[in-house]
Amino acid sequence: MRAVVFVAILGLVAGNLCRSGDEPILDEYKQMGQTVGNMIIGSSCKYLSKNFEKVFLGKQCKALTQQGLCYLIRSAERYGDSPTVTYDQLAGDLPNISHLGELSCKHAVKCYKQIAKAVKKCMRSNDNFIEELFGNAQILYRVKAQDIVNEFIANHQNTLFGELANLAVANFRSINDVKAFFAEYVDRDLEAQVSSDAQVAAREVQKLAHQWCKSGCSQDSTDFLQELFGNMHGGQCVDAAQFCGACQENANRHFKSGGQQIPCCLDDILQKGIAAYDYVSAAYGARIDEWVGLVSQELSDEANAKAAEFAAEVNRQSACIADVSKEFIT
């Protein structure tokens, strides 16, 4: 199961992603974001309402926002409505992801500070700023999204995701329901442990991000993964979601034939990710199992069977990834 971390880390790993003709779609995205943002902020912070575009879409955040939105457009073009994603498609997408990674190295911290400065200004001017944000978000959900969620539940009755959505809607109707859940199932000791671990994790992520950017790991990782994915694609390996079998055989063949080895910077992050997964499993596994058990009691036999089937498939694919990782990567 630890090998799932490897798949997650690949998402961290191109260049202007925007093309002529993107402007109408970009304007639509930005207008949508500004409308939703202003509805959530409301009157809770006049400064942020007046300067939403400046804070979230301008200055230090402009390049990240612009390129991020263009990446969504390029992704829609690349993957479309295809029911499966191939390793060839992933390999072709890696330069775009790498570009976003390099852009984040230049602007992410400055963008964060720009937004944090504005939020702190709001909190100083309104002691109830955060609480009002949650209240406005709740109203927005009921006006804009509740009917969509209810339609999803109605169209997916007797399915795992339909039952999970219905369970969430039935038990969390407001922010007070969320608070009540945490009050019942998260004691003070657990809350203190989570808070302490989160601070340690934040510092470690900041350190790793600095090392990643300083070493130019985005490009090194892109070169490695492009070669790997390119050699994995072909034959019976036609679905990236199915690593076991043909894709695993192609990966083995790639490394055995002298394929490029994993860059040290990527391997370091991979090992830290696995260690973090192991720690969470040891520290919180029993409590997570308890919560999963509570959810399981509310699901039908069919949904529980589907959940077990899904978990078994994840474990099977993870074991295949682990076999390759142990032999050739770590």
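See the structure above.
As the structure is a prediction and not an experimental result, all values here were calculated from the model. (Residues numbered from 1 in each chain as written. Predicted model: local features only at pLDDT ≥ 70, side-chain atom pairs only at ≥ 80, totals over all residues. Heavy atoms only, no water.)

Student: Got a minute to help me understand a positive patch on the surface in this structure?
Tutor: A grouping of Lys54, Lys59, Lys117, Lys120, Lys121 and Arg124 is seen on the molecular surface, where their side chains present a positively charged patch. Relative to the elements of secondary structure, Lys54 occurs in helix 4 (residues 52-57). (Patch = residues over 30% accessible without salt bridge, like charges linked within 9 Å, V, L, I, M, F, W, Y side chains within 5 Å. Areas by Shrake-Rupley, 256 points an atom, 1.4 Å probe, with all protein chains shown as cover. Salt bridge = Lys/Arg side-chain N within 4 Å of Asp/Glu carboxyl O. Lys, Arg positive; Asp, Glu negative; His and termini not counted. Charge placed at Lys NZ, Arg CZ, Asp CG, Glu CD. Helix = DSSP H or I, 4+ residues; strand = E, 2+ residues; numbered from the N terminus.)

Student: What is the right way to look at helix 11 (residues 217-232) in this model?
Tutor: For an α-helix the count is 3.6 residues per turn, leaving residues at separations of three or four pointing the same way. For helix 11, spanning 16 residues, the distance from its first C-alpha to its last is 22 Å, which sits close to the expected 22 Å at 1.5 Å a residue. Along helix 11, the residues classified as buried are Cys217, Ser218, Ser221, Thr222, Phe224, Leu225, Leu228, Phe229 and Met232. In the segment just after helix 11, Gly234 is the residue with positive phi, at about 125 degrees. (Expected span 1.5 Å × (residues − 1). Buried < 20%, exposed > 50% of the residue type's maximum accessible area, 1.4 Å probe, protein only.)

Student: How do you make sense of the pattern of salt bridges when you look at a structure like this?
Tutor: Side chains bearing opposite charge may pair, as long as their charged atoms lie close to each other. Counted under the stated rule, the structure contains 9 salt bridges. Between Arg287 and Glu290 there is a salt bridge whose closest N-O contact spans 3.7 Å. Of this pair, Arg287 and Glu290 both sit in helix 13 (residues 264-298), 3 residues apart, roughly one helical turn. What emerges from the salt-bridge pattern is a single network uniting Asp22, Arg74 and Glu77.

Student: Quick question: what am I supposed to make of the state of the cysteines here?
Tutor: Linking two cysteines covalently through their sulfur atoms gives a disulfide. Scanning the entire structure with this criterion turns up 7 disulfides. A disulfide bridge connects Cys105 with Cys213, and the sulfur atoms are separated by 2.0 Å. Here Cys105 and Cys213 share a disulfide; its torsion about the S-S bond, -85 degrees, makes the bridge left-handed. Residue Cys105 is found in helix 6 (residues 87-125), and its partner Cys213 is found in helix 10 (residues 188-215); the two are separated by 108 residues along the sequence. You can call Cys213 partly exposed: its relative accessible area is 32%. The disulfide partner of Cys244 is Cys320, and the S-S distance across this bridge is 2.0 Å. (Disulfide = S-S within 2.5 Å.)

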